[in-house]
Amino acid sequence: MSTVSPVPISTPERKKVTVPALRKKKARREPITMLTAYDYPTALALDAAGLDIILVGDSLGMVVLGYPTTLPVTMEEMLHHCRAVARGASNSLLVGDMPFMSYQVSVPEAVRNAGRFLQEGGMDAVKLEGGRDRLEAVRAIVGAGIPVMGHIGLTPQSVNQFGGFRPQGRTAAAATRLLEDARLLEEAGCTSLVLESVPARLASLITNRLEIPTIGIGAGGGCDGQVLVTHDLLGLFERFTPHFVKKYADFHGEMLRAVREYKDEVEGGVFPAAEHEVEMPDEEWELLLKAAG
Ligand code: KIV
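Residues numbered from 1 in each chain as written. Predicted model: local features only at pLDDT ≥ 70, side-chain atom pairs only at ≥ 80, totals over all residues. Heavy atoms only, no water.

## With respect to the overall build of the protein chain
Helix and strand counts for the protein chain come out as twelve helices and eight strands. Counting only C-alpha atoms and orienting by the principal axes, one finds that the protein chain spans roughly 85 × 40 × 35 Å. By the burial criterion, 45% of the 293 residues in the protein chain qualify as buried. (Helix = DSSP H or I, 4+ residues; strand = E, 2+ residues; numbered from the N terminus. Buried < 20%, exposed > 50% of the residue type's maximum accessible area, 1.4 Å probe, protein only.)

Take a look at the structure:
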């Protein structure tokens, strides 16, 4: 069995990604790369691959914990996964996703919960969903020295308001509102903004109007960066795949193949083989036989 280092693999040639570094990438028109991770091995892989940002998304509720939506996810569940990711990543900027009801009830509660992501979860920044209704919370969290990534468009925590996971901003009125929300979030201090499932031309317009970087998911190639849920990209989550996902692998199929092969080999007496056994020196074996009678 391979051994895995318990500490992040250091990549000395690569510097820790910072919020100002992302702003510079936007200015230089260099695409920003972001993926989700919820555990230590995935964080190791994403960090080693050189991703700019690792998001511990509340999507973990659906793709890891099996909830039908992200709504049941708690602060404790988020922090548990954040800590695992923080142990695996040393260079990527780490963003923790604030779960439903952790920032909506009151501004002081939002600041306290955002602080927990840094103090207890090892994150560098937080993300929260919503536009004009979230400005006070954003201002207060940023005021506490915590970078905030905004998230507008299809915001999954509002799935009941939208009546399903539907694209947003497809009418002039809805698009205008999203453009205004984007500007307001930037003014309130957001350091970047996720645009989810909105028309590509609207996402490009918002991107061009903002100083802060936009990160698109189902928002076309005109954003400053791209994000996907890693379980979708790897083909690990089979229950539901949005149309904007590109599957780069079939991990579910590969897992099924490997597990079936293991089952067949155990049932057929093929595994474990001699090379998987622990050896005992002959003299110790003789002593044991004598002692055991
Ligand atoms: O929770 C999540 O993974 C997200 C991304 C899809 C942006 O919010």
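## What about a nonpolar patch on the surface?
A cluster of nonpolar side chains, namely M280, W285, L288 and L289, defines an oily patch on the protein surface of about 370 Å² accessible area. Tracing the backbone shows W285 in helix α12 (residues 282–292). You can call W285 partly exposed: its relative accessible area is 41%. (Patch = residues over 30% accessible without salt bridge, like charges linked within 9 Å, V, L, I, M, F, W, Y side chains within 5 Å. Areas by Shrake-Rupley, 256 points an atom, 1.4 Å probe, with all protein chains shown as cover. Salt bridge = Lys/Arg side-chain N within 4 Å of Asp/Glu carboxyl O.)

## Some details on the nonpolar core
Ranked by size, the top nonpolar core spans 70 residues in total, and within it I53, F117, I141, L193, L195 and I206 carry the most contacts. For I141, the residues in contact, after removing those within four places along its chain, are M98, A110, V111, A114, V126, L128, I146 and V148. (Core = buried A, V, L, I, M, F, W, Y, C linked by side-chain atoms within 4.5 Å. Contact = heavy atoms within 4.5 Å.)

## Some details on helix α1 (residues 19–27)
Those residues of α1 lying buried are L22, K25 and K26. Taken around the axis of α1, the buried residues stretch over an arc of 100°, which confines them to a single face. Opposite the packed face of α1, turned more than 90 degrees from it, sit the exposed residues P20, K24 and A27. Packing partners of the buried residues in α1 comprise β1 (32–36), β2 (53–56), β3 (93–97) and α9 (200–209). (Arc of directions from axis to C-beta.)

## Thoughts on the pattern of salt bridges
On inspection of all chains with the given rule, the structure shows 14 salt bridges. Residue R132 pairs with D181 through a salt bridge whose shortest N-O separation is 2.7 Å. Here R132 is found in the loop between β4 (125–127) and α6 (135–143), whereas its partner D181 is found in helix α8 (residues 172–188), with 49 residues between them in sequence. For R132, a relative accessible area of 28% corresponds to the partly exposed category. Linked by salt bridges that have partners in common, E76, R116 and E120 make up one network.

## A few points about the state of the cysteines
In a disulfide, the sulfur atoms of two cysteines are held together by a covalent bond. Here the structure, examined in full by the defined rule, presents zero disulfides. With no disulfide of its own, C82 lies 18 Å from the sulfur of C190, the closest cysteine sulfur. Free of any disulfide, C223 has its nearest neighbouring cysteine sulfur in C190, separated by 15 Å. (Disulfide = S-S within 2.5 Å.)

## Examining the packing of α8 against α9
Relative orientation of the contacting elements α8 and α9 amounts to 30°, with a least axis distance of 10 Å. Taken together, the axis directions place α8 and α9 in an arrangement best described as roughly parallel. Of the two possible hands of crossing, α8 and α9 adopt the one that is right-handed. For the pair formed by α8 and α9, the contact residues are A175, L178, L179, A182, R183 and E186 on the first element and L202, L205, I206 and R209 on the second. (Axes fitted to C-alpha atoms, helices over the stretch in contact; angles between N-to-C directions. Parallel < 35°, antiparallel > 145°, perpendicular 65-115°, else oblique. Left-handed = near helix turned anticlockwise from the far one by under 90°.)

## Points about the site of the ligand
Around the ligand, the neighbouring residues are T36, L55, G57, D58, S59, D97, K127, H151, I217 and V229. At 3.0 Å from an oxygen atom of the ligand is found a side-chain nitrogen or oxygen belonging to K127. Burial of the ligand by the protein amounts to 96% of the accessible area it has alone, namely 260 Å². The residue makeup of the shell around the ligand, split by class, is three nonpolar, four polar and three charged. (Near = heavy atom within 4 Å. Polar contact = N/O pair within 3.5 Å; in protein donor to acceptor, adjacent residues only side chain to side chain. Nonpolar A, V, L, I, M, F, W, Y, C, P; charged D, E, K, R; others polar.)

## Observations concerning a negative patch on the surface
A contiguous patch of negative charge, built from D282, E283, E284 and E286, is present on the exposed surface. In this structure, E286 sits in helix α12. (Lys, Arg positive; Asp, Glu negative; His and termini not counted. Charge placed at Lys NZ, Arg CZ, Asp CG, Glu CD.)

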